[in-house]
Amino acid sequence: MRNNTPILFNFFKPKNKSENALTDINALDNAILLSMLYLSHNTRLDGRFVFRNSATLAKKYTDKTYSSLRHAGALYSMYLCERYLGNEILKNKRILASNYLIKNYIKKVNADRYGLISKPIEEAPEFLATSGGTGLALMALSNLLPENLISVHTLRKMGNFLLWLQSNDGDFWPSYELVKKEKSMAYSARYYPGEACLGLLYLYEVDKDERWLDAVKKGMRKIAETALSKDNSQLKFDHWGLLAAQKLFDTPNADLSAPLKALITGFVEKNVKVILELQNTDEKSDEYGAFKGTKSLCGLATIMEGLIAAYDCVPANVLKTRIKYALEAGLGHLYKYQVKTGEMEGGIPYSFIWNTPEAENKDREIRIDYVQHALSAWVTYKKLLSSSEK
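Each residue is numbered by its place in its chain's sequence as written, counting from 1. In view of the model being predicted, local features appear only for residues whose pLDDT reaches at least 70, and side-chain atom pairs are presented and counted only at 80 or more, with totals across whole chains, interfaces and linings using the full set of residues. The basis for every side-chain value is the complete set of heavy atoms in the structure, and neither hydrogens nor water enter the calculation.

Glancing now at the overall build of the chain. Labels follow the DSSP assignment, with helices taken as runs of H or I lasting at least four residues and strands as runs of E lasting at least two, numbered in each case from the N terminus. Helix and strand content of the chain: 14 helices and 7 strands. Note on method: radius of gyration uses C-alpha positions; expected globular size equals 2.2 Å times residues raised to 0.38. Here the C-alpha atoms of the chain give a radius of gyration of 20 Å, agreeing with the 21 Å that 2.2 N^0.38 yields for 390 residues. Oriented by its inertia axes, the alpha-carbon framework of the chain measures out at about 55 × 50 × 35 Å. Any residue under 20% of the maximum accessible area for its type is buried, any over 50% is exposed, and the rest in between are partly exposed; the area is computed with a 1.4 Å probe on protein chains only. Counting the 390 residues in the chain, one finds 57% classified as buried.

With that settled, the discussion passes to the confidence of the model for the chain. For every residue, the predictor reports its confidence as pLDDT, a number between 0 and 100. Averaged over every residue, the pLDDT of the chain is 93; the share at 70 or more is 94%. Per-residue pLDDT stays below 50 along residues 1-19; that stretch engages in 36 contacts with residues further than four places along the chain or on separate chains. Between two residues, a contact is recorded if the distance between any of their heavy atoms is within 4.5 Å.

Oppositely charged side chains may form a pair once their charged atoms are brought near each other. Salt bridge, as used here: a side-chain nitrogen of Lys or Arg that lies within 4 Å of a carboxyl oxygen of Asp or Glu. Following the criterion strictly, the structure yields 17 salt bridges and no others. Across the salt bridge formed by Glu277 and Arg322, the nearest N and O atoms sit 3.3 Å from each other. Placement of the pair is Glu277 in the loop between α10 (258-276) and α11 (297-311) and Arg322 in helix α12 (residues 317-336), with a sequence separation of 45 residues. Residue class for Arg322 comes out partly exposed when judged on its relative accessible area of 34%. Each of Arg44, Asp46, Arg48, Asp63 and Glu122 takes part in a single network of salt bridges with overlapping partners.

So, about the nonpolar core. What we call a nonpolar core is a set of buried Ala, Val, Leu, Ile, Met, Phe, Trp, Tyr and Cys residues that are connected through their side-chain atoms within 4.5 Å. Core analysis: the biggest nonpolar cluster contains 123 residues, and Leu141, Met220, Leu307 and Trp378 have the highest contact counts within it. At 11 residues, α11 tops the list of elements feeding residues into this core.

Phi at Tyr187 is positive, roughly 60 degrees, even though this residue is not glycine. Its place among the elements puts Tyr187 in the loop between β6 (182-184) and α7 (192-206). The backbone phi angle of Asn253 is positive, close to 55 degrees, even though this residue is not glycine.

Our next topic: helix α3 (residues 68-85). For α3, built from 18 residues, the straight-helix expectation of 26 Å at 1.5 Å per residue is met to within 8% by its first-to-last C-alpha distance of 26 Å. Of all 18 residues that make up α3, 14 are buried, and the element is covered over most of its length. One or two positions beyond α3, positive phi appears at Gly86, with a value near 70 degrees. Each residue after the first adds 1.5 Å to the expected span of a helix.

Put simply, the grid is 1 Å and covers the protein atoms alone, a cavity is a trapped set of points that fit a 1.4 Å probe, a pocket is an open set with protein on both sides within 12 Å along at least five of seven lines, and lining residues have an atom within 4 Å of a point. Grid points are joined across faces, edges and corners, and a volume is the space filled by probe spheres set on the points. Empty space within the largest pocket amounts to approximately 1,000 Å³. Around the largest pocket sit 44 residues that line it, and Arg190, Tyr191, His239, Gly299 and Thr302 are the ones nearest its centre. A breakdown of the residues in the lining of the largest pocket according to their chemical character gives 19 nonpolar, 16 polar and 9 charged. All residues other than Ala, Val, Leu, Ile, Met, Phe, Trp, Tyr, Cys, Pro, Asp, Glu, Lys and Arg, Gly among them, are scored as polar; the first ten of these are nonpolar and the last four charged.

Encoded structure:
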C-alpha cells in the first residue's frame, strides 16, 4: 500500500506565494522525485505506460486509448533525468519502455524509411506515421545507440523518413498514410516541425551525418520565418521549436550563419514576449503564474519548457530577468497542484481545480504526457539554476 504521507511534507502546505515558487531547492527536488515515482509506478511489466488515471480514483479508464507520441515523450523526460541530473533510478524502466516502443510502434514505411506510427484502435482514424511522432521517437531512442541498445540503421531510417517528409522550403509534411501509401496534410499539429527538428538534432548527436544538421537548419529557418510573419495575436507558442532552437545553438560546430542565428533568435524573442504578456501576475489569485488561454496544467508545463529553453537563446539581460520571474511563478503554480499523496502521487491532473467540489472527471484526469511535460520542465529548470550559479 502507498504511504499517504508526503515525502517532504513541509512543502505541501502552501501558505504564500514564496512557498509555491520552488525557490527552495528541496521543493524542486521533491517535485522531480514525485514525478519520477509516478512514471515508475505507471510503467507496466511489458514496457507500456498506464496512459490515463484519475487523481482521486473517481473514474477508471480502459487501456484501449493510447498514444505512441506521448509514450515517446515520456521516454524523453525519463532520459533527461539521467542526462541532466545523473539520476538513473528510471533507467531500467526507460529501456524496458523503449523496447516496447520499438517493437510496437517503429514500423517500416518502405525499404529505407521507418516512422513512428499511430494506430486506429488507439488514437488515429487510420494507420499514420507522423513527422512529429518520429521526431519524438528520435529524441527518446537516439541515446540508446552508444550502449548498443538500438541499431544505427533503425535510427538512420527514421532520419531518412523525416528528410523525405521535408519540403524544399523546410517545412514538414505532417503525416504519411500507410494504407494509401502517400504523404498527407491531414492530422497535422503545429508542434510537428519543431519536434522533427529536435529529433534530428538528437540523431545528429550520435550519428554525425551532415544531412540531419542541414535539415534542421532548413527546418528552423522555415519555423522562424513563419512565426515572424504573423501578427502577435496570431502567434501560437511553439515550445518544441524553442527547444530545437536551444539545442541547435548548443550543437558544437553547427556552423550557423549570422543571419540564420539572428532569424532564429528573433523567433525565440517573439515567442517569449508574446507569451509573457498573457501570464497572471496577481499574487492573490489562485491562478497566479498561469497563462490566459491555457486551460490545462500540462499546457502551463509546456510553456515553462519553452521559456527555460528560450533563456539560453536570448541575449538581453532584461528579457532573461523577465523569463526567470515568469518561471518562478509558473513552476510554483504547477507544483502547487501536483498530486502529493496517495496512489496517484506525482501525477499532474488536467486542471488546477482537480481537488475541489466543482471538479469533473476531466479536471481530475492524469495522462502520462501531463507528467512528462512537468518533469521535463522541472529537470531543465534545475539545470538552468545550476548553470546560473556557475
